[in-house]
Amino acid sequence: MAKSQKSKSQLLEFYQQMLMLRRFEEKIGQLYGMGVIGGFCHLYIGQEAVVVGTQAALQKGDSCVTSYRDHAHAALAGISMEAVIAELTGREAGCSRGKGGSMHMFAPDLGFYGGHGIVGAQVSIGTGLAFAHQYRGDGGVTACYFGDGAVNQGQVYESFNMAALWKLPIIYIIENNRYGMGTSIERASATTDLCNRGVAYGIKGYEIDGMNVEEVYEQVSKIAKNVRSGKGPALIEMQTYRYRGHSMSDPARYRSKEEVQDIKEHHDALMSAKEQLLSQKIATEDELKAMEKNIRDEVAKAAEFAQNAPEPELSELYTDVYGDANNHANANVVGGV
């Protein structure tokens, strides 16, 4: 059955977003290697289809929260590449004014509530965001991303219990890239079918091919509709893979080159989407090359902007230390606190 014109243009948009994230993260890795970016830095290369397909399935007014591997999520939430790289380089123009760095991107006005450096911390925060949506009755859903390395944290299951008990509008998304830090999932978890981790709480689980952006979008769209209708939380295990180490300081010697190469050659989401675009004549090779050039130019400009942006004033050390209780009631964030 031939695809509709809408689905064809959608695939092209998905490919463009995944390509942007891939080149964006590659540039970040390059800047880190040059010493322009310091501290911790966790790249998302290989997992692009998960966030692209999921975020496309959400609606305006929904919330998103994730772990320290957050650059891609921040960019898709609407934070500019300039603001993300400026944050990475500790500049005033960064989305957290240069004080958060790689692991702490925030834009509450865009429904993005961070990157979080503590393993599993975002799961309880995401559950709170879902409660705020329910309490306010705004119809919003929270997408809460975490990795396979976080699934054995106690607060994850406390959150599952509360979300199920109160039927909170949240989608828990496990980005199973097979390795938590340097430990394979087989060595860290007694059971590896992570989609069933919510069964004890009555949370329905789904397993999705996280290397297929169209499948991610279609399945999450259906799941989000159910969650939004008041049927309670859902749990998704996205089968995906990261090509780089856990962080920039990780040489990833715990896995073979053959394993990584096999994923790149036979399961890469970006290459699969490109092959579809060409075989279905949705785009030509020349058009995709032009897209590639434009994206590389945009990423290069964003990097140049960030490197030339001023550092924060010394007075920034004293801002955002305490909250203003008088303004909480009028805060334009989910929950108002």
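See the structure shown above.
Calculation notes
- Residues numbered from 1 in each chain as written.
- Predicted model: local features only at pLDDT ≥ 70, side-chain atom pairs only at ≥ 80, totals over all residues.
- Heavy atoms only, no water.
- Phe/Tyr/Trp six-rings, centres within 6.5 Å; stacked < 30°, edge-to-face > 60°.
- Helix = DSSP H or I, 4+ residues; strand = E, 2+ residues; numbered from the N terminus.
- Buried < 20%, exposed > 50% of the residue type's maximum accessible area, 1.4 Å probe, protein only.
- Lys NZ or Arg CZ within 6 Å of the ring centre and 35° of its normal.
- Core = buried A, V, L, I, M, F, W, Y, C linked by side-chain atoms within 4.5 Å.
- Contact = heavy atoms within 4.5 Å.
- 1 Å grid on protein atoms, 1.4 Å probe; cavity = no way out; pocket = protein on both sides within 12 Å on 5 of 7 lines; lining within 4 Å.
- Points joined across faces, edges and corners; volume = space filled by probe spheres on them.
- Nonpolar A, V, L, I, M, F, W, Y, C, P; charged D, E, K, R; others polar.
- Axes fitted to C-alpha atoms, helices over the stretch in contact; angles between N-to-C directions.
- Parallel < 35°, antiparallel > 145°, perpendicular 65-115°, else oblique.
- Left-handed = near helix turned anticlockwise from the far one by under 90°.
- Pairing = 2+ DSSP bridges.

**Some details on the packing of aromatic side chains**
Phase 1 of the analysis: Evaluation of the coordinates by the stated rule reveals ten aromatic pairs.
Phase 2 of the analysis: On the numbers, 5.4 Å between centres and 45° between planes, the contact of Tyr179 with Tyr254 is tilted. Here Tyr179, found in strand S4 (residues 179-180), pairs with Tyr254, found in the loop between strand S7 (234-239) and helix H9 (257-266); they are 75 residues apart in sequence, far enough to count as distant.
Phase 3 of the analysis: On the basis of relative accessible area, Tyr254 is assigned to the partly exposed category, the value being 28%.
Phase 4 of the analysis: Site record: aromatic cluster; members linked through ring pairs are Phe146, Tyr157, Phe160, Tyr172 and Tyr201.
Phase 5 of the analysis: Over the aromatic face of Tyr243 sits the side chain of Lys264, whose NZ or CZ is 5.3 Å from the ring centroid.

**Considerations on the nonpolar core**
Phase 1 of the analysis: In this structure, Tyr15, Met18, Phe24, Phe112, Ile171 and Met238 are the most contacted members of the largest nonpolar core, which totals 70 residues.
Phase 2 of the analysis: Ranked by the residues each element gives to this core, the list is headed by helix H1 (residues 5-33), at ten residues.
Phase 3 of the analysis: Setting aside its immediate chain neighbours within four residues, Tyr15 contacts Leu270, Ala273, Lys274, Leu277, Leu288 and Met291.
Phase 4 of the analysis: Listed in part, the 22 residues of the second largest apolar core include Leu129, Cys144, Ala150 and Val156.

**With respect to empty space enclosed by the protein**
Phase 1 of the analysis: Per the stated rule, a full pass over the model turns up one cavity of 30 Å³ or more.
Phase 2 of the analysis: Of the volumes computed, that of the largest cavity is approximately 30 Å³.
Phase 3 of the analysis: If you trace the largest cavity, you find it lined by Asp148, Gly149, Asn152, Gly180, Thr183, Ser184, Ile185, Ala188 and Ser189.
Phase 4 of the analysis: Those elements that place two or more of their residues in the lining of the largest cavity are strand S5 (183-184) and helix H7 (185-188).
Phase 5 of the analysis: For the lining of the largest cavity, the class distribution of residues is two nonpolar, six polar and one charged.

**Some remarks on unusual backbone geometry**
Phase 1 of the analysis: Although it is not a glycine, Ala252 sits at a positive phi angle of roughly 55°.
Phase 2 of the analysis: Tracing the chain through its elements places Ala252 in the loop between S7 and H9.
Phase 3 of the analysis: Note on Ala252: relative accessible area 13%, which makes it buried.
Phase 4 of the analysis: Even without being a glycine, Lys281 presents a positive backbone phi close to 55°.
Phase 5 of the analysis: As for its position among the elements, Lys281 is in the loop between helix H10 (269-279) and helix H11 (285-308).

**Things to note about the packing of helix H5 (residues 121-136) against helix H6 (residues 154-165)**
Phase 1 of the analysis: Across the interface, H5 lies against H6 with an axial gap of 8 Å and an inter-helix angle of 15°. In terms of their interaxial angle, H5 and H6 are classed as roughly parallel. Read as a crossing pair, H5 and H6 show a hand that is left-handed. Side by side, H5 and H6 meet where Ala121, Val123, Ser124 and Thr127 of the first sit next to Gln155, Val156, Ser159 and Ala163 of the second.
Phase 2 of the analysis: Residues belonging to the contact of H5 with H6 are distributed by class as follows: four nonpolar, four polar and no charged.

**Here's the deal with the sheet that holds strand S1 (residues 63-65)**
Phase 1 of the analysis: Within the open sheet, the five strands sit side by side as S1-S2-S3-S7-S6. Their pairing is parallel. Both outer strands of the open sheet, S1 and strand S6 (204-209), are each paired with one neighbouring strand and no more. Pairs of neighbouring strands in the sheet enclose a mean axial angle of 20°, with direction left out of account.
Phase 2 of the analysis: Examined bridge by bridge, strand S2 (residues 142-147) and strand S3 (residues 170-176) share six bridges and lie parallel to one another. Counted as the bridge partner of Cys144 is Tyr172 from S3.
Phase 3 of the analysis: Each of S1, S2, S3 and S7 is contacted by helix H2 (residues 48-57), which is oriented at about 170° to S2, the strand it contacts most.
Phase 4 of the analysis: The strands touched by helix H8 (residues 213-231) within the sheet are S3, S6 and S7, with S6 carrying the most contacts at an inclination of about 165°.

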